Amino acid sequence: MRSLNRLKWLHAFEATARHGSFKGAADELGVTPAAVGQLVRALEEWVGHPLLLRSRSGKTRLTLVSEAQDALQDISHGLDELESGLNKLRGRRARSVILLTASQVLLMNWLMERLNRFSEQHQNIDIRLDVTERLSDVIHGEADLGVRCGPGDWAGLSKTWLMDEEAVIVCSPRLLGTGARPSPQWLAGEKRIQDDTPHPGAGFPSWDTIFERLKAPPAGTTTLHINSTAAAIMTALSGRGVAVVRRALVQQLIDTNQLVLLFPEHRWPLTWSYYLVMSEHSRMRPEVKILHDWLVQDVSDSQISS
């Protein structure tokens, strides 16, 4: 019976043996050195003895034990044969597949329309979506490309700046009233929707900061705290209060008059920006580069036209 569930162990071991280090294998596989080390150790535990001799210094810090040297050629040949078989299964009708990760609210209100246009222009590339806030899926090679908003200091990832971001105040047109203009006094009397999603170091404005800037009277209403950006936006759409959110996440809703942008003369720029992120391994895939370059150009074109 074939133990195909151990292919990841063998893949990590074979790459480590060729490079003589976990780091070299990690760069090739698009994962972290720690992840490679864990896979190799799992294989060693299964076979019942060490496969690599570890040294603390030198260019090649990992060398094979004699039993592993005898087995390496068979393992390398087997992985090559497996890759050849997979390519035969795909055949001439093969389509490239890209796994793209983004947050739910960014996908719904900013990214999906762009992906639809991309798919119309590149019908031989399939995009699969992983809706999540985690970065580990990109770092560990579980996703090929990610769209993230943050400080841009993610270790182990290649990043490309897309656009800056700012906070805006929005509400449902039903809350404001048709043709009405908001005033600081009106704002002070409305329920505030507080998005408690962490934005460490982004300079996200507090309601106290906003009221001070607008010279509004002390607020006499309550604040509804929500620990989800998507839920905060949905609550504002329902007319239950006024929300402060990132502009890119609601611009489409503003353009379609589902939300009203309040006090546009005041700006609250954030130190966070939007980036495309990917692992070094994903950068080597032509189809990933095509989507990466297309998104960068599309965002640039939309900023010029707006």
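Parameters and conventions
- Residues numbered from 1 in each chain as written.
- Predicted model: local features only at pLDDT ≥ 70, side-chain atom pairs only at ≥ 80, totals over all residues.
- Heavy atoms only, no water.
- UniProt positions renumbered as here; feature names shortened; annotations may be inferred.
- 1 Å grid on protein atoms, 1.4 Å probe; cavity = no way out; pocket = protein on both sides within 12 Å on 5 of 7 lines; lining within 4 Å.
- Points joined across faces, edges and corners; volume = space filled by probe spheres on them.
- Helix = DSSP H or I, 4+ residues; strand = E, 2+ residues; numbered from the N terminus.
- Nonpolar A, V, L, I, M, F, W, Y, C, P; charged D, E, K, R; others polar.
- Core = buried A, V, L, I, M, F, W, Y, C linked by side-chain atoms within 4.5 Å.
- Buried < 20%, exposed > 50% of the residue type's maximum accessible area, 1.4 Å probe, protein only.
- Contact = heavy atoms within 4.5 Å.
- Patch = residues over 30% accessible without salt bridge, like charges linked within 9 Å, V, L, I, M, F, W, Y side chains within 5 Å.
- Areas by Shrake-Rupley, 256 points an atom, 1.4 Å probe, with all protein chains shown as cover.
- Salt bridge = Lys/Arg side-chain N within 4 Å of Asp/Glu carboxyl O.
- Pairing = 2+ DSSP bridges.
- Right-handed = clockwise from strand over helix to strand, strands pointing away.
- Axes fitted to C-alpha atoms, helices over the stretch in contact; angles between N-to-C directions.
- Parallel < 35°, antiparallel > 145°, perpendicular 65-115°, else oblique.
- Left-handed = near helix turned anticlockwise from the far one by under 90°.

For the chain, an unreviewed UniProt entry supplies the name LysR family transcriptional regulator and the organism Pantoea eucalypti. According to UniProt, the comment filed for the chain under the heading Sequence similarities (unreviewed entry) is "Belongs to the LysR transcriptional regulatory family."

Draft legend 1. A look at empty space enclosed by the protein. Per the counting criterion, the structure on display carries one cavity of 30 Å³ or more. The calculated volume of the largest cavity comes to roughly 30 Å³. At three residues, the largest contribution of residues to the lining of the largest cavity is made by strand E7 (residues 192-195).

Draft legend 2. Up close: the layout of surface pockets. Its volume calculated, the second largest pocket comes out at about 680 Å³. Along the wall of the second largest pocket there are 24 residues; nearest its centre are Trp110, Arg114, Met163, Gln251 and Ser302. For the lining of the second largest pocket, the elements supplying multiple residues, two or more each, are helix H5 (104-121), strand E6 (158-171), helix H11 (251-255), strand E11 (268-278) and helix H13 (286-305). For the lining of the second largest pocket, the residue count by class is eight nonpolar, six polar and 10 charged.

Draft legend 3. Region of interest: the nonpolar core. Trp110, Leu111, Val147 and Val250 are the most contacted members of the largest nonpolar core, which has 42 residues in total. The biggest single contributor to this core is H5, with seven residues. Once you skip the residues sitting within four places of it in the chain, Trp110 turns out to touch Val105, Val147, Leu162, Met163, Ala248 and Val299. Formed by 21 residues, the second largest nonpolar core is a distinct cluster that contains Ala15, Ala26, Leu64 and Val65.

Draft legend 4. View of a nonpolar patch on the surface. A contiguous nonpolar surface patch, about 220 Å² in accessible area, is contributed by Met112, Leu129 and Val131. Within the secondary structure, Val131 sits in strand E4 (residues 125-131). A relative accessible area of 44% means that Val131 is categorised as partly exposed.

Draft legend 5. Representation of the pairing of E4 in the model. Relative to E4, strand E3 (residues 96-102) runs parallel, the two sharing seven bridges. Across the sheet, residue Ser96 finds its bridge partner in E4, namely Ile125. Once you follow E3 into H5 and on to E4, the crossover reads as right-handed.

Draft legend 6. Focus on the packing of helix H2 (residues 22-29) against helix H3 (residues 33-47). Two elements in contact, H2 and H3, have axes whose closest approach is 8 Å; the angle formed by their N-to-C orientations is 105 degrees. It follows from the interaxial angle that H2 and H3 lie roughly perpendicular. Contacts from Phe22, Lys23, Ala25, Ala26 and Leu29 in H2 reach Pro33, Val36, Gly37, Val40 and Arg41 in H3. For the contact of H2 with H3, the class distribution of residues is seven nonpolar, one polar and two charged.

Draft legend 7. Quick look at the packing of helix H1 (residues 7-19) against H3. Running from amino to carboxyl end, H1 crosses H3 at an angle of 110 degrees, the nearest separation of the two axes being 8 Å. Between H1 and H3, the crossing angle belongs to the class labelled roughly perpendicular. In the crossing of H1 with H3, the sense of the turn from one axis to the other is left-handed. Where H1 abuts H3, its residues Lys8, Trp9, Leu10, Ala12, Phe13 and Thr16 lie against Val36, Leu39, Val40, Ala42, Leu43 and Trp46.

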